[in-house]
Amino acid sequence: SEGGLKARVYCRAPPALLGQIAAYPICTLMTLGFLSLLPRRQVAGLSLAGRLSMYAYLLHPLVIFNPVVWLGQACLLRHIGCGAASTAAKPREGR
């Protein structure tokens, strides 16, 4: 099992740190490039749709990270027999 440990790439390893350091300026440039594509003045038909679509992006964490949604999803997956919920609930045969 130690061979598997040596093959893993850790977050604190020098190559991983260099990748993280390089990722920040690249992401910053990509964000600035995206922002440069946005229109500076109002465009008919696009501005209202863009303003109204922001609600979905801003409020989706309330749905995704809601414990009631997690519980309902786990119950549904257990009921239909798929996903991690069903494998955790059923013991494996032959153990």
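What you see is a predicted model; the values in this text were computed from it and never measured. (Residues numbered from 1 in each chain as written. Predicted model: local features only at pLDDT ≥ 70, side-chain atom pairs only at ≥ 80, totals over all residues. Heavy atoms only, no water.)

Turning next to the overall build of the chain. The number of helices and strands found in the chain is 5 helices and 0 strands. In sequence order, the secondary structure elements of the chain are arranged as α-α-α-α-α. Counting every position in the chain, which comprises 95 residues, the buried fraction comes to 4%. Of the roughly 9,000 Å² that the chain leaves accessible, carbon and sulfur atoms contribute 69%. (Helix = DSSP H or I, 4+ residues; strand = E, 2+ residues; numbered from the N terminus. Buried < 20%, exposed > 50% of the residue type's maximum accessible area, 1.4 Å probe, protein only. Areas by Shrake-Rupley, 256 points an atom, 1.4 Å probe, with all protein chains shown as cover.)

Glancing now at helix α3 (residues 47–64). In this model, α3 (18 residues) spans 27 Å end to end at C-alpha, consistent with the 26 Å of a helix rising 1.5 Å per residue. At L58, α3 shows its largest kink, close to 35 degrees, and the proline P61 lies no more than four residues downstream. The buried fraction of α3 amounts to 1 of the 18 residues, a small share that puts the element mostly on the outside. (Expected span 1.5 Å × (residues − 1). Bend = angle between axes of the 7 residues up to and from the residue.)

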